[in-house]
Amino acid sequence: MHPSAATGVSEHGLVRLDGLAVTYGAFHALHPLDLTIEHGDFLAILGPSGCGKTSLLRALGGFQRPSSGRIFIDGQDLTAVGPEKRPTNTVFQGYGLFPHLNVRQNIGYGLRIAGRDRADIAQRVEHIAGLVRMQSFLDRPIDKLSGGQRQRVALARALVMRPKVLLLDEPLAALDLKLRQTMQEELRRIHREIGGTFVFVTHDQAEALSLATRIAVMNEGHLVQIGSPEDIYQRPRSRFVATFLGEANVLEAARRSNRVTLDAGGSFESKGQDGDLSIAVRPELIRIAPPAGTADITLQGRLLERIYLGSHLRYALALSDGSQLVVAADAADQRNPHVPGQELTVGWTHDAQVLLDS
Ligand SMILES: Nc1ncnc2c1ncn2[C@@H]1O[C@H](COP(=O)(O)OP(=O)(O)OP(=O)(O)O)[C@@H](O)[C@H]1O
Ligand SMILES: [Mg+2]
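Residues numbered from 1 in each chain as written. Chains lettered and ligands numbered in written order. Predicted model: local features only at pLDDT ≥ 70, side-chain atom pairs only at ≥ 80, totals over all residues.

Caption draft 1: How the structure looks around the overall build of the protein. Looking only at helices and strands, one finds eight helices and 20 strands in the protein. Taking all 358 residues of the protein together, 37% fall into the buried category. Contacts spanning at least 24 positions in sequence make up 64% of the contacts within the protein whose residues lie at least 6 apart. (Helix = DSSP H or I, 4+ residues; strand = E, 2+ residues; numbered from the N terminus. Buried ≥ 20, exposed ≤ 12 C-beta atoms within 10 Å, placed from the backbone. Contact = placed C-beta atoms within 7 Å.)

Now the structure itself:
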């Protein structure tokens, strides 16, 4: 059975969370959630600060006791099993490396504890160090490494244990933008090369979009949507997801007799119950002055400002209901840029908009 994009639940799957919840005293950090993680997934857990991402990851790794629910890995109920006995390894934010040990000793630590023989340890450490491109630093003390190098050692130390599931809590948050991009590429490559299952926590939506095979979006202790990056970006189900992942215009509207009319003007056919609703449209899918016949929904707006961003232009328009609309236009299409104060027609096609539940 294939996982359902709507719920993320399938019968099989490497990891299955069944009504998993975490409370701290009376506070519900994680409301009961169901989630299935498949073999080979690179799952991003994405959400704003305090939404419960770390709590979920800690419960998965065995560092946090769930207040209810069950955790299955490979069909085995591991809910009551401690972290060291789970087929998981966690890379914590801040890395948690042993400062008095060198790179080789840090990477080999878990294998030594597990009682592996020296030749085996040496060979596996060399192999993993190569994978994270740290083979020439094996004898360096930890305190003589850069942030990105420490990050690689932390990753290697977890990978060398060959966990069925690698758990990463904001692994790249402490790195500068350039290094973060490099490490994102490395993570993608390592995931591809070892074919493992990764779960990583981030609050960086661009990172989630570019790295993940699936994204689980969380808000206030709830899992609000799960799906492929394309799915989540193109078909957000709620205002929260539409605006958290990328930029979206959310427009208020009402449906009467199978016709939806936007408060700001413009209307389209849509079957369904009468009542208020919202629609989301991405800025890059809106055209200014669309040629006749190329837009299904059109409305008028007054140009407030135009911002030049190099690769594209950003327009902010005031709509008749007092709301604002943001349009991202390709710089190449804009040799005659519009000027503030101008009245403009904007439009988009049916498939560019999403009707939101909430
Ligand atoms: N040990 C604890 N005791 C009490 N409350 C806690 C504890 N750990 C976390 N919380 C609370 O639970 C909620 C979720 O915390 P969690 O660390 O899971 O969030 P997060 O999504 O990882 O946030 P961030 O992006 O800031 O790391 C927060 O409101 C936090 O204050
Ligand atoms: Mg956290």
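Caption draft 2: Region of interest: the site of ligand 1. Residues in contact with ligand 1, as listed here, are Tyr 24, Phe 27, Ala 29, Gly 47, Ser 49, Gly 50, Cys 51, Gly 52, Lys 53, Thr 54, Ser 55 and His 203. Every element with two or more residues in the shell around ligand 1 is listed here: β2 (27-37) and α1 (53-61). Looking at the shell around ligand 1 element by element, the count peaks at three residues for α1. (Near = placed C-beta within 6 Å.)

Caption draft 3: Region of interest: the nonpolar core. Residues Ala 44, Ile 45, Ala 156, Val 199, Ile 215, Ala 216 and Val 217 are the most contacted members of the largest nonpolar core, which totals 90 residues. Top element by residues in this core is helix α4 (residues 147-159). It accounts for six residues. Summarising the domain contributions, this core has at least three residues from each of domain 1 (15-242) and domain 2 (248-356). If sequence neighbours within four positions are ignored, Ile 45 has contacts with Lys 53, Leu 56, Leu 57, Val 199, Val 201, Ala 216 and Met 218. (Core = buried A, V, L, I, M, F, W, Y, C linked by C-beta atoms within 7 Å. Domains from an automatic or database assignment.)

Caption draft 4: Up close: the sheet that holds strand β1 (residues 15-24). Spatial ordering of the open sheet is given by β2-β1-β4-β5, a layout of four strands whose pairing is antiparallel. Strands with a single pairing partner mark the edges of an open sheet, and in this sheet they are β2 and β5 (76-77). With seven bridges joining them, β1 and β2 adopt antiparallel strand pairing. Of the residues in β2, the one forming a bridge with Tyr 24 is Phe 27. (Pairing = 2+ DSSP bridges.)

Caption draft 5: Molecular detail of the domain arrangement of the protein. The assigned domain composition of the protein is domain 1 (15-242) and domain 2 (248-356). When each unit is reduced to the centre of its C-alpha atoms, the spacing between domain 1 and domain 2 is 39 Å. Looking at the side of domain 1 that touches domain 2 residue by residue, the class counts come to two nonpolar, one polar and three charged. (Nonpolar A, V, L, I, M, F, W, Y, C, P; charged D, E, K, R; others polar.)

Caption draft 6: Examining the pairing of strand β11 (residues 249-256) more closely. Note that β11 and strand β14 (residues 275-281) share seven bridges and pair antiparallel. The residue bridging Ala 254 from the neighbouring strand is Asp 276, located in β14. Across four bridges, the pairing between β11 and strand β12 (residues 259-262) is antiparallel. Bridging across to β12, Arg 255 finds its partner in Val 260.

Caption draft 7: The arrangement of the environment of Asp 143 in detail. Along the chain, Asp 143 turns up in the loop between α3 (118-131) and α4. Asp 143 sits 32 residues away from Leu 175 along the chain, and the two C-alpha atoms are 16 Å apart.

Caption draft 8: Region of interest: the environment of Gln 76. Counting through the fold element by element, Gln 76 comes out in strand β5. When the 11 C-beta atoms within 10 Å are taken as the criterion, Gln 76 is described as exposed. Distance from Gln 76 to Arg 162, taken between C-alpha atoms, is 18 Å for residues 86 residues apart in sequence.

Caption draft 9: Broad picture of the packing of helix α2 (residues 103-113) against α3. In the contact formed by α2 and α3, the axes pass within 10 Å of each other and the chain directions differ by 130°. Relative to α3, the element α2 lies oblique. Like other packed secondary-structure pairs, α2 and α3 cross with a definite hand, here right-handed. Between α2, through Arg 104, Ile 107, Gly 108, Leu 111 and Arg 112, and α3, the contact on the second element is made entirely by Ile 121, Arg 124, Val 125, Ile 128 and Ala 129. Tallied by class, residues from the contact of α2 with α3 come to six nonpolar, one polar and three charged. (Axes fitted to C-alpha atoms, helices over the stretch in contact; angles between N-to-C directions. Parallel < 35°, antiparallel > 145°, perpendicular 65-115°, else oblique. Left-handed = near helix turned anticlockwise from the far one by under 90°.)

Caption draft 10: Spatial organisation of α2. Burial in α2 covers these residues: Val 103, Asn 106, Ile 107, Gly 108 and Leu 111. Looking at the buried side of α2, the elements it contacts are α3 and α4.

Caption draft 11: Inspection of α1 at higher detail. The buried count for α1 comes to nine of nine residues, which makes it a mostly enclosed element. Turning to α1, its buried residues number three or more, namely Lys 53, Thr 54, Ser 55, Leu 56, Leu 57, Arg 58, Ala 59, Leu 60 and Gly 61. Taken from the residues just after α1, Gly 62 is the one with a positive phi, measuring 90°.

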